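Residue-level listing of the chains:
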Amino acid sequence: MGMNILTISLGAILMNNFIFSQFLGCCPFLGCSTKVDTAVGMGIAVTFVMGLSSAICYAVNQLLVMLGLGYMSTLAFILVIAVLVQFVEMFLKKSIPSLYTALGIYLPLITTNCAVLGVVLLNVQNNYNFIESVVYGVTGGLGFMLAIVLFATVRDRLQFADYPESFEGFPIALTTAGLLALAFMGFSGMSIA
């Protein structure tokens, strides 16, 4: 069990990173990575929603399967994620208004963030038990946070870099994201013995 949890954790953070390996959640990745503090806030919010939605959706899926309504799981997962994001949004608006303002439109977009839905669907597809589902959700969120913070750090340094004018703005961001994805491909050869 312990080795399986370690394998799931390392896989979600490094080898099967939602951003760099599975290309899920790219919208907030590109939109919220202009400042490191905003990237950290988005990473924490996504990690929280991924972990909690993995736990709740595991129970919801078990109930749906028991009732013979397994075909309704995707719709139920979307509803659970939407409710969780509303709670996160209300909490941030009340408790941390500066982060709420900084995240802007990208906070409600966590609802439609395909990485959040992807983690709960992959939990079901991989037949993870409750603990494995929660570990995969939390470590998948940590992998998302690692990716977005690394990217924000690089984008921050790019402001002072000398590159061709045709790369200004979005093209240099996509080029940088591609290079980071190539770097993360190096982890795909890892094995846990």
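Now for a description of the structure that goes with this document. None of the values given here were measured: they were computed from a predicted structure.

Some words on the side chain of Asn123
So, step 1. By the element assignment, Asn123 lies in helix H6 (residues 114-125).
So, step 2. Within polar-contact distance, the side chain of Asn123 engages the side chain of Ser54 at 3.3 Å.
So, step 3. When sequence neighbours within four positions are dropped, the list of residues in contact with Asn123 reads Ser54, Tyr128, Ser133 and Tyr136.

Description of the packing of helix H7 (residues 130-158) against helix H8 (residues 170-185)
So, step 1. For the pair H7 and H8, interaxial distance at closest approach is 10 Å and the crossing angle is 135°. The pairing of H7 with H8 is recorded here as oblique in orientation. Of the two possible hands of crossing, H7 and H8 adopt the one that is right-handed. Packed against H7, whose contacting residues are Leu146, Leu150, Phe151, Val154, Arg155 and Leu158, the element H8 presents Ile172, Ala173, Thr176, Ala177, Leu180 and Phe184 at the interface.
So, step 2. Considering only residue class, the contact of H7 with H8 consists of 10 nonpolar, one polar and one charged.

Digging into helix H3 (residues 36-66)
Helical geometry note: an α-helix holds 3.6 residues per turn, so side chains three or four residues apart project in the same direction.
So, step 1. Over its 31 residues, H3 extends 44 Å from the first C-alpha to the last, a length consistent with the 45 Å expected when each residue adds 1.5 Å.
So, step 2. Taken from the residues just after H3, Gly68 is the one with a positive phi, measuring 75°.

Some remarks on the environment of Cys114
So, step 1. One can find Cys114 in helix H6.
So, step 2. Residue class for Cys114 comes out partly exposed when judged on its relative accessible area of 36%.
So, step 3. For the pair Cys114 and Leu24, spaced 90 residues apart in sequence, the C-alpha to C-alpha distance is 5.6 Å.
So, step 4. Residue contacts for Cys114: discarding those within four places in its chain leaves Leu24 and Gly25.

Digging into the nonpolar core
Taken as a class, soluble globular proteins show a tendency for nonpolar side chains to be buried jointly.
So, step 1. Formed by 46 residues in total, the largest nonpolar core has its most connected members in Phe20, Phe29, Met42, Ile110 and Tyr136.
So, step 2. For this core, the elements supplying multiple residues, two or more each, are helix H1 (2-15), helix H2 (26-31), H3, helix H4 (73-95), helix H5 (97-103), H6, H7 and H8.
So, step 3. In contact with Tyr136, other than residues within four places in its own chain, are Ile8, Ala12, Phe18, Gln22, Val119, Leu122, Asn123 and Tyr128.

Regarding the packing of aromatic side chains
So, step 1. On inspection of all chains with the given rule, the structure shows seven aromatic pairs.
So, step 2. Ring geometry for Phe20 versus Phe29: centroids 5.7 Å apart, planes at 90°, classification edge-to-face.
So, step 3. With relative accessibility at 4%, the residue Phe20 sits in the buried group.
So, step 4. Relative accessible area serves as the criterion here: at 2%, Phe29 is assigned to the buried category.
So, step 5. When the ring of Phe29 is compared with that of Phe151, the centres are 4.5 Å apart and the planes differ by 20°; the resulting orientation is stacked. Taken together, the residues span a long stretch of sequence, with Phe29 in helix H2 and Phe151 in helix H7 at a distance of 122 residues. In terms of burial, Phe29 and Phe151 fall into one category: buried.

Rules behind the numbers
Residues numbered from 1 in each chain as written. Predicted model: local features only at pLDDT ≥ 70, side-chain atom pairs only at ≥ 80, totals over all residues. Heavy atoms only, no water. Helix = DSSP H or I, 4+ residues; strand = E, 2+ residues; numbered from the N terminus. Polar contact = N/O pair within 3.5 Å; in protein donor to acceptor, adjacent residues only side chain to side chain. Contact = heavy atoms within 4.5 Å. Axes fitted to C-alpha atoms, helices over the stretch in contact; angles between N-to-C directions. Parallel < 35°, antiparallel > 145°, perpendicular 65-115°, else oblique. Left-handed = near helix turned anticlockwise from the far one by under 90°. Nonpolar A, V, L, I, M, F, W, Y, C, P; charged D, E, K, R; others polar. Expected span 1.5 Å × (residues − 1). Buried < 20%, exposed > 50% of the residue type's maximum accessible area, 1.4 Å probe, protein only. Core = buried A, V, L, I, M, F, W, Y, C linked by side-chain atoms within 4.5 Å. Phe/Tyr/Trp six-rings, centres within 6.5 Å; stacked < 30°, edge-to-face > 60°.

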